[in-house]
Amino acid sequence: MHGVHASLVTPFSHSGEIDTKSLDRLARHCLEQGAAGLVVLGTTGEAALLTAAEQRAVLETCRAVSIEHGTPLIVGAGTMGTEPSIEQARERACLADALLVVVPYYLRPSDQGVLDHFAAIGAAVDVPLIPYNIPYRTGKHLPAGTLLRLLALDCVAGIKHCAGTIDADTLRLLAARTGKAVLAGDDAYVYPMLQLGGAGGITASACLAPAAYAAMAEAVRDGNHARALALHNALLPLTDALFSEPSPAVLKAALADRGIIDSPSVRAPLHAPGPEPVATALSALAGLRSLVS
């Protein structure tokens, strides 16, 4: 659960079908350029917009690449309900090293309800869980005390923490030193969370710049703070551009421009991005080369 894991897009062909050849190429690109592992069927992968057959194709494609490279495959799972989440987790666990399970969204259950939700899912599968805490999307805020109780569950290996800031709960979570991985989920905050003791990150931006994220994480581990900060500052314009329109539209366009995937297509209700953020992202990517080489 250490290092920066690339949260993969799901490439589509120009006609709208899933493109497993591009997905295979993207997965290999990320791992060969230093990503610690792959994450699939998350929001970046437009998982909710895929059919069951397409979800299976994504899993099988990335499982094969992960086995070949000896790296972990983290698979997204979970809905707002406990029983549907258990069903989804069981379907995906056989091809996963860990399941990234979102905190139940929209319903805003009690904190104890959230803890019971994860305990029930963990009891139903044989792989560890990584709760995905993203309150600005789920509508459910979990204070530091509850996050630490969540990490204390035997079925939980770590947490993807996306507070959208370095707030008091984030500081308390990282200061607790539970021995379980706290993974930054907001791309722009990977560096400060690593500096505060985070184990790594799960980022969409690492699809496009895996070597830069790997180098930044390595620099933090080695105590080379000047290099780590330089990489962080150079990555900020990239992450700003990639998330300036609903993700993963800009990311897919930039990946297609670089020939890593064949088409920038996204599924409705997402739209193709404007040209400006794509150009900005590509310019920022070019600026990273001298720092990574």
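See the structure above.
Residues numbered from 1 in each chain as written. Predicted model: local features only at pLDDT ≥ 70, side-chain atom pairs only at ≥ 80, totals over all residues. Heavy atoms only, no water.

**Some details on the side chain of Thr 10**
Piece 1. With respect to the helices and strands, Thr 10 occurs in the loop between strand 1 (3–7) and helix 1 (20–32).
Piece 2. At 2.7 Å, the side chain of Thr 10 forms a polar contact with the backbone oxygen of Gly 45. (Helix = DSSP H or I, 4+ residues; strand = E, 2+ residues; numbered from the N terminus. Polar contact = N/O pair within 3.5 Å; in protein donor to acceptor, adjacent residues only side chain to side chain.)

**Side note on the packing of helix 9 (residues 210–222) against helix 10 (residues 225–242)**
Piece 1. In contact at an axis separation of 8 Å, helix 9 and helix 10 are set at 150 degrees when each is read in the N-to-C sense. Between helix 9 and helix 10, the interaxial angle falls into the category roughly antiparallel. You can see that helix 9 and helix 10 cross each other, and the crossing is left-handed. On the side of helix 9, the interface is formed by Ala 212, Tyr 213, Ala 215, Met 216, Ala 219 and Val 220, while helix 10 contributes Arg 227, Ala 228, Leu 231, His 232, Leu 235 and Thr 239.
Piece 2. Of the residues assigned to the contact of helix 9 with helix 10, the class counts are nine nonpolar, two polar and one charged. (Axes fitted to C-alpha atoms, helices over the stretch in contact; angles between N-to-C directions. Parallel < 35°, antiparallel > 145°, perpendicular 65-115°, else oblique. Left-handed = near helix turned anticlockwise from the far one by under 90°. Contact = heavy atoms within 4.5 Å. Nonpolar A, V, L, I, M, F, W, Y, C, P; charged D, E, K, R; others polar.)

**A short note on the sheet that holds strand 8 (residues 200–203)**
Piece 1. With parallel pairing, eight strands are arranged side by side around a closed barrel as 1-2-3-4-5-6-7-8. Sheet twist, expressed as the mean angle between neighbouring strand axes with direction ignored, is 25 degrees.
Piece 2. The pairing of strand 5 (residues 129–133) with strand 6 (residues 158–161) spans two bridges and is parallel. What sits directly across from Asn 133, in strand 6, is His 161. (Pairing = 2+ DSSP bridges.)

**Considerations on the pattern of salt bridges**
Piece 1. Taken as a whole and judged by the stated rule, the model has eight salt bridges.
Piece 2. One salt bridge connects Asp 24 with Arg 28, and the closest N-O pair in it is separated by 2.8 Å. Of this pair, Asp 24 and Arg 28 both sit in helix 1, four residues apart, which is roughly one turn of that helix.
Piece 3. Taking the relative accessible area as the measure of exposure, Asp 24 reaches 24% and is therefore partly exposed. (Salt bridge = Lys/Arg side-chain N within 4 Å of Asp/Glu carboxyl O. Buried < 20%, exposed > 50% of the residue type's maximum accessible area, 1.4 Å probe, protein only.)

**Things to note about the packing of helix 1 against helix 2 (residues 52–69)**
Piece 1. Interhelical geometry of helix 1 versus helix 2 gives an angle of 35 degrees and a closest axis separation of 10 Å. Note that helix 1 runs across helix 2; the crossing there is right-handed. Across the interface between the two elements, Thr 20, Leu 23, Asp 24, Ala 27, Arg 28, Leu 31 and Glu 32 of helix 1 pack against Ala 57, Val 58, Thr 61, Cys 62, Val 65, Glu 68 and His 69 of helix 2.
Piece 2. The class makeup of the residues in the contact of helix 1 with helix 2 is seven nonpolar, three polar and four charged.

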